[in-house]
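Here are the chains, one letter per residue:
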Amino acid sequence: MDAIKHYLLDMDGVIVRGGALIPGAAEFIQRLQDRGMPYLILTNNSMYTPRDLQVRLSYMGLDVPSEAIFTSALATAQFLHSQRPGGRAYVVGEAGLTTALHDIGYVLIDRVPEYIILGETNTYSFERITRAIRFVNAGARFIATNPDVAGPGEGGIVPGTGSVAALITAATGVKPYYVGKPNPLMMRTALHTLNVHSEDAIMIGDRMETDIVAGIESGMRTILVLSGVTTREQVEHFPYCPTWICGSLADVEV
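Here is a short report on the structure shown in this document. Here the structure is a predicted model, which is why all the values come from computation and not from measurement.

Right, let's talk about the overall build of the protein for a bit. The helix and strand tally for the protein stands at nine helices and 15 strands. The C-alpha atoms of the protein give a radius of gyration of 18 Å, which matches the 18 Å a tight globule of 254 residues would have. Dimensions along the principal axes, computed over C-alpha positions, put the protein at roughly 50 × 35 × 35 Å. The buried share of the protein, reckoned over its 254 residues, is 50%. Taking contacts inside the protein between residues at least 6 apart in sequence as the whole, the part at least 24 apart equals 66%. Surface exposure of the protein reaches about 11800 Å², of which carbon and sulfur atoms provide 52%. Each charge sign in the protein was given a centre, from 19 positive and 26 negative side chains, and these centres are 8 Å apart.

One recurring pattern in soluble globular proteins is that nonpolar side chains are buried together. L8, L42, L80, L101, I117 and M187 are the most contacted members of the largest nonpolar core, which has 29 residues in total. Where this core is concerned, the elements lending two or more residues are β4 (39–43), α3 (72–83), β6 (88–92), α4 (95–103), β8 (115–118), α7 (184–194) and β13 (201–205). Residues F28, Y39, L249 and V252 belong to the second largest nonpolar core, which totals 28 residues.

Going through the model one piece at a time under the given rule, you end up with seven salt bridges. Between R56 and D12 there is a salt bridge, with the nearest N and O atoms lying 4.0 Å from each other. Of this pair, R56 sits in helix α2 (residues 50–60) while D12 sits in the loop between β1 (6–10) and β2 (16–17); the two residues are 44 residues apart in sequence, bridging distant segments of the chain. The exposure class of R56 is partly exposed, given its relative accessible area of 28%. For D12, a relative accessible area of 37% puts it in the partly exposed group. Via salt bridges that share partners, D10, K181 and D211 belong to a single interconnected network.

Before going further, it helps to examine the pairing of strand β14 (residues 221–225). Burial within β14 is extensive, with four of its five residues counted as buried. For the segment spanning β13, helix α8 (residues 208–217) and β14, crossover handedness is right-handed. Judged from the three bridges that link them, β14 and strand β15 (residues 244–246) form a sheet pairing that is parallel. By the bridge assignment, V225 is partnered in β15 with C246.

Moving on, we get to helix α5 (residues 126–137). One turn of the α-helix equals 3.6 residues, which is why residues spaced by three or four share an orientation. Here α5 spans 16 Å end to end across twelve residues, near enough to the 16 Å set by a 1.5 Å rise per residue. Next to the buried residues of α5 lie β6, β8, β9 (141–144) and α6 (161–172). Looking at the residues trailing α5, positive phi occurs at G139, about 115°.

Within the element layout of this structure, T43 appears in strand β4. Using a relative accessible area of 4% as the deciding quantity, one classes T43 as buried. A polar contact is formed between the side chain of T43 and the backbone nitrogen of N45, at a distance of 3.1 Å. For T43, the residues in contact, after removing those within four places along its chain, are M11, D12, L53, F70, T71, S72 and M186.

Next up on the list: the sheet that holds strand β7 (residues 107–108). Read across the open sheet, the five strands follow the order β7-β6-β8-β9-β12; overall the sheet is parallel. Strand pairing shows two members of the sheet lacking a second neighbour, β7 and β12 (177–178), which therefore form its edges. With respect to the sheet, α4 is in contact with β6, β7 and β8, its orientation differing from that of β6 by roughly 165°.

A few words on the environment of A144. Of note, A144 is situated in strand β9. When its relative accessible area of 0% is taken as the criterion, A144 is described as buried. Along the sequence, A144 and L118 sit 26 residues apart, while their C-alpha atoms lie 4.6 Å from each other. In contact with A144, other than residues within four places in its own chain, are L118, T161, P176, Y177, Y178 and V179.

Turning our eyes to something else, we now look at the packing of aromatic side chains. Using the criterion set out here, one finds five aromatic pairs in the structure. Plain terms: the ring middles of Y7 and F28 are 5.8 Å apart, the flat faces sit at 80° to each other, and that makes the pair edge-to-face. Linking Y7 in strand β1 with F28 in helix α1 (residues 25–34), this pair joins segments that are 21 residues apart in sequence. Given the relative accessible area of 1%, Y7 is considered buried. Between Y106 and Y115, the aromatic rings sit 6.3 Å apart at their centres with planes inclined by 50°, giving tilted as the arrangement. Just as Y106 is buried, Y115 falls in that class too. R141 extends its terminal NZ or CZ atom over the ring of Y115, reaching a point 5.5 Å from the ring centre.

Calculation criteria
- Residues numbered from 1 in each chain as written.
- Predicted model: local features only at pLDDT ≥ 70, side-chain atom pairs only at ≥ 80, totals over all residues.
- Heavy atoms only, no water.
- Helix = DSSP H or I, 4+ residues; strand = E, 2+ residues; numbered from the N terminus.
- Rg over C-alpha atoms; globule rule 2.2 N^0.38 Å.
- Buried < 20%, exposed > 50% of the residue type's maximum accessible area, 1.4 Å probe, protein only.
- Contact = heavy atoms within 4.5 Å.
- Areas by Shrake-Rupley, 256 points an atom, 1.4 Å probe, with all protein chains shown as cover.
- Lys, Arg positive; Asp, Glu negative; His and termini not counted.
- Charge placed at Lys NZ, Arg CZ, Asp CG, Glu CD.
- Core = buried A, V, L, I, M, F, W, Y, C linked by side-chain atoms within 4.5 Å.
- Salt bridge = Lys/Arg side-chain N within 4 Å of Asp/Glu carboxyl O.
- Right-handed = clockwise from strand over helix to strand, strands pointing away.
- Pairing = 2+ DSSP bridges.
- Expected span 1.5 Å × (residues − 1).
- Polar contact = N/O pair within 3.5 Å; in protein donor to acceptor, adjacent residues only side chain to side chain.
- Axes fitted to C-alpha atoms, helices over the stretch in contact; angles between N-to-C directions.
- Phe/Tyr/Trp six-rings, centres within 6.5 Å; stacked < 30°, edge-to-face > 60°.
- Lys NZ or Arg CZ within 6 Å of the ring centre and 35° of its normal.

Coordinates in, geometry out; function isn't part of it.
This is the structure we're talking about:
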């Protein structure tokens with residue numbers, strides 16, 4: 001751990017669980033801030049802007065700058081900017097995604113788009129999904145912010161981006177390019193945002209199939225925390241393993 005100078009941390013299951021901070025998370029972030037160690041808090045959820053998430057964390061008792069929060073919407077926008085600057089897109093998503101695309105100069109239209117971009121939303125409509133399907137059939141490139149098929153919602157799980165993407169794929173035969181975890185592209189984009197090298201960074205997450213594999217494929221060391229969805233026994237079933245396993249951020253030394 002002595003060589004670690006920069007930290008990437010997943011949000012859900014590492015820092016927060018539901019609507020509350022996980023014990024030890026605020027103290028861990030405070031230690032990073034006190035020592036001037038750069039970090040980014042990552043989330044596959046594209047629904048909210050970093051400012052939205054900053055306020056949400058503040059209500060829970062964790063004060064972080066919005067610049068320390070990196071979403072799959074931001075990663076998607078940076079990817080599109082590198083591929084086709086100033087492009088045209090039809091978006092099925094919320095403010096986190098549309099704001100990120102506006103900020104890189106994309107034009108959001110509903111006629112002859114170059115890209116169909118799919119993210120989380122609480123208001124999936126049959127009409128918008130139908131239009132997305134028709135645009136994909138007409139040749140628009142299909143991009144999705146993340147492959148998560150479900151996520152937590154009020155009263156239980158709700159369909160995620162991956163579930164709606166599967167619907168569009170079933171109707172068109174076209175699979176999307178997913179930008180978010182486990183695609184290591186999101187890790188590398190986050191590292192580029194910090195302007196650091198993977199050898200000096202570590203990824204801390206609670207999911208083997210997204211956080212840990214993305215960290216490994218990005219050349220980082222990894223820590224699996226058991227404060228989220230993965231148990232120590234489940235780790236043995238994967239063909240790869242984290243560098244370290246800890247109970248929670250309270251057990252991670254800085």
